[in-house]
Amino acid sequence: MRRESDVTELRRVLCAALESGRPVGAPGRLGLLHEWFTRADVSDPQRPTLIGGVPHGPSSPAPSPLAVNELMSKANELGLKQILVPYVRRTDDTGPLRTAGFVVAAAGSEGLVTLPGEVADVLGSRVGEQRLGELRARHDEYRELSWELIRLGDLPRQPAAREAFAALHQQEGGRGALWSAEALDALAQGTLADRTDLLVRRRGCHVVQAGLLVRSHNGRGIYSLTQALAPDAPAARQALYEASLYELYLHARRTGLEWVHLGPGDAERMRALGADQFVLLDHWLLAPGMDAEPEEPTEIEVSAFATEPVAAASVPGPARFRGRPKFDLLDLSGNTNPFLGADGRYPELDTAELARTYLTTVGRLPGHEGLGELGAEYALFTSGAVDAVMLLLAALASPGEAVCVTPPTFELYAHFARVLRLPVVEAPLLGDDLARLDVERILAADPRVTFLCDPNNPVGTRLDPEQVLELVTRSRGLVVIDEAYVEFSVGPSYAPLIARHDNLIVLRTLSKAWGLAGARCGVALAQPGLVDALRRVQVPFGFTNASQRAVRDRLTDSPRVLDSVRRILSERDRMARALAQHPAVEQVFPSETNFLLVRTHNHGRVMEQLRGAGIMVADTARLVPDTCRVSIADERAGDTLLDALSRVR
């Protein structure tokens with residue numbers, strides 16, 4: 001509810017609830033929870049507070065400089081010493097509040113449940129099948145309850161519903177206590193009445209739940225403004241609330257709405273209800289004896305590794321506003337076709353919640369301890385990991401600065417460097433298994449960027465971890481570790497180390513172990529200043545909504561992914577043993593990936609035989625003489641390959 005007229009209406013309703021004709025009351029009565037409101041000097045009932053926002057509804061816009069001045073003048077006129085502006089979005093411009101001396105404190109989040117598809121499918125992808133089963137079971141448990149929506153314009157003809165609504169909210173207490181019969185009447189007499197329904201659920205003649213549902217002014221969603229339930233055991237109340245939310249999601253889908261706003265609350269609790277977008281909220285208080293804290297930087301400082309043009313540039317176009325939610329705005333800025341459905345809108349840019357899901361999910365994997373503790377600002381989604389290679393070279397390397405590669409390795413590192421006219425130096429891998437770095441040679445070249453592929457593609461081996469850490473510690477330039485295949489490895493990831501090293505970038509992909517090659521999703525993990533530099537050269541809308549949904553679905557289904565990885569590893573080991581004993585094979589390199597590098601006795605004849613048998617493998621002879629790279633598939637595919645090799649003459 002971002003319109004000033006809507007906020008004005010809700011403040012008028014607040015005045016009716018406070019029975020004073022003025023938005024003035026003690027914070028404790030407003031049901032707001034914070035340590036501020038337990039302090040005697042703040043919660044003293046003899047020190048009433050001017051309320052500069054809406055404590056009993058969705059977040060309201062941060063007041064402008066003019067509005068802040070008006071609040072202070074009003075407080076002075078009324079002889080009040082305290083002003084409270086509750087539930088302000090952290091993404092709003094709160095400079096005027098800070099300048100006026102208001103003190104800020106975190107107030108949780110408001111959560112949004114987007115509904116791009118059928119409710120069961122959407123929730124299953126976010127909370128998992130087990131949790132979905134719980135929600136559906138609770139919905140079925142309360143199916144006998146009525147589901148009545150009463151337009152507020154019809155409220156005079158429904159006196160029993162009005163009284164039940166008020167009674168339940170008074171019993172509920174907290175913020176619910178603000179929803180008195182007088183407050184409901186004020187809402188019914190205002191401009192929000194034509195967009196608001198009174199929700200009533202009954203068991204027989206007994207009302208067990210009453211709430212308010214307000215449609216957004218852009219026509220795309222619905223606010224669950226308040227819900228009060230009959231007193232009962234806490235578990236039963238929670239079950240009824242979840243059952244009703246599930247029914248509300250179904251109602252939203254039936255009526256063509258795209259989201260349901262849950263209001264302020266605990267983020268983890270709302271995630272368990274299917275929320276997938278969150279906006280951080282703050283309370284702002286002006287009170288005697290409470291001094292404002294020094295202003296903290298609101299923007300990430302770009303990394304010193306950024307090139308001068310990138311450091312001087314800003315994040316392009318709409319991506320600058322990725323943290324500012326648009327779901328409840330009437331967006332007339334995109335110049336798209338509004339008549340051909342949701343695909344006519346640009347992809348969602350605020351992927352912070354998806355990044356949190358990625359970090360916490362991958363952080364549970366062996367060898368990734370600590371990754372889940374990093375914030376979303378450490379991750380950037382890219383169009384595959386190869387896209388991140390191009391981004392970081394463009395953002396972090398200037399003409400004349402060298403890029404080091406360690407052949408045999410992924411060829412696109414050098415390819416993109418040369419396309420960008422950056423000199424390429426090589427420090428070939430050492431050892432029989434090509435698993436050792438020539439650290440001194442790399443350091444002597446003093447490259448701006450060094451690419452390490454670990455596990456290596458095309459070899460499949462892991463690099464010596466002591467050498468990798470030595471290089472990261474001693475290098476003056478950036479070290480980029482491509483971990484496209486690390487989920488298949490028994491060794492740990494380097495990703496949790498990015499918080500400790502400002503020159504370390506770890507690239508990940510969901511194309512390999514996660515099976516989403518078609519979704520084109522990579523992840524660049526680095527300190528926020530590096531991520532910000534990459535974002536300045538990234539195409540703003542490259543990560544589509546379809547890809548975002550596919551990634552979220554797959555991350556939620558991680559047990560199936562891990563099971564498939566185990567199957568791949570089992571087949572890889574079987575194939576490694578069989579190929580090592582095969583007459584056509586000279587050597588099978590050790591592998592911690594989902595492929596095997598195989599050196600054959602008669603490479604040309606082998607490749608010709610496989611082509612004739614309709615089998616495609618990667619010919620890697622230009623990188624490692626007489627070799628091919630064989631991807632691991634199912635047992636039938638492996639046996640077909642072995643049979644074709646047996647026919648080599």
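The model shown is predicted, which means the values in this text are computed figures rather than measured ones. (Residues numbered from 1 in each chain as written. Predicted model: local features only at pLDDT ≥ 70, side-chain atom pairs only at ≥ 80, totals over all residues. Heavy atoms only, no water.)

## Structural notes on the overall build of the protein chain
Helix and strand counts for the protein chain stand at 20 helices and 21 strands. In terms of its C-alpha atoms, the protein chain occupies a principal-axis envelope of roughly 95 × 55 × 45 Å. For the protein chain, the proportion of contacts with a sequence separation of at least 24, taken over those separated by at least 6, is 74%. Counting only carbon and sulfur atoms, one obtains 50% of the accessible surface of the protein chain, whose full area is about 28800 Å². Here the protein chain contributes 71 positively and 83 negatively charged side chains, and the mean placements of these two sets differ by 3 Å. (Helix = DSSP H or I, 4+ residues; strand = E, 2+ residues; numbered from the N terminus. Contact = heavy atoms within 4.5 Å. Areas by Shrake-Rupley, 256 points an atom, 1.4 Å probe, with all protein chains shown as cover. Lys, Arg positive; Asp, Glu negative; His and termini not counted. Charge placed at Lys NZ, Arg CZ, Asp CG, Glu CD.)

## Remarks on the side chain of N503
Relative to the elements of secondary structure, N503 occurs in the loop between β15 (478-482) and β16 (504-509). Polar side-chain contacts of N503 include one of 3.1 Å to the backbone oxygen of G477. Those residues in contact with N503 that sit more than four places away from it in its chain are F305, V472, S475, G477, L478 and V479. (Polar contact = N/O pair within 3.5 Å; in protein donor to acceptor, adjacent residues only side chain to side chain.)

## Quick notes on the environment of D197
Mapped onto the fold, D197 is located in strand β6 (residues 196-203). We classify D197 as buried; its relative accessible area is 7%. The spatial distance from the C-alpha of D197 to the C-alpha of G153 is 8.9 Å, given a sequence separation of 44 residues. Setting aside anything within four residues of it in sequence, one finds D197 in contact with L149, I150, R151, G211, L212, L213 and R215. Side chain to side chain, D197 and R215 meet in a polar contact 3.1 Å long. (Buried < 20%, exposed > 50% of the residue type's maximum accessible area, 1.4 Å probe, protein only.)

## A few points about the packing of aromatic side chains
If you walk through the whole model with that rule in mind, you get eight aromatic pairs. For the ring pair F410 and Y413, a centre distance of 5.4 Å and an interplane angle of 75° mean the geometry is edge-to-face. Given the relative accessible area of 23%, F410 is considered partly exposed. Its relative accessible area of 0% is what places Y413 among the buried residues. Each residue in the set Y223, W259 and F327 is aromatic and connected to the rest through ring pairs, giving one cluster. If you follow R271 out to its NZ or CZ, it ends over the ring of F278, 4.7 Å from the centre. Geometry around F595 places R629 over its ring, the cationic atom sitting 5.6 Å from the centre. (Phe/Tyr/Trp six-rings, centres within 6.5 Å; stacked < 30°, edge-to-face > 60°. Lys NZ or Arg CZ within 6 Å of the ring centre and 35° of its normal.)

## Quick look at empty space enclosed by the protein
One pass over the structure, following the stated rule, counts four cavities of 30 Å³ or more. Forming the walls of the largest cavity are 16 residues, and the residues nearest its centre are L349, F381, R535, Q538 and P540. Here the residues of the lining of the largest cavity are counted per class, giving nine nonpolar, four polar and three charged. (1 Å grid on protein atoms, 1.4 Å probe; cavity = no way out; pocket = protein on both sides within 12 Å on 5 of 7 lines; lining within 4 Å. Points joined across faces, edges and corners; volume = space filled by probe spheres on them. Nonpolar A, V, L, I, M, F, W, Y, C, P; charged D, E, K, R; others polar.)

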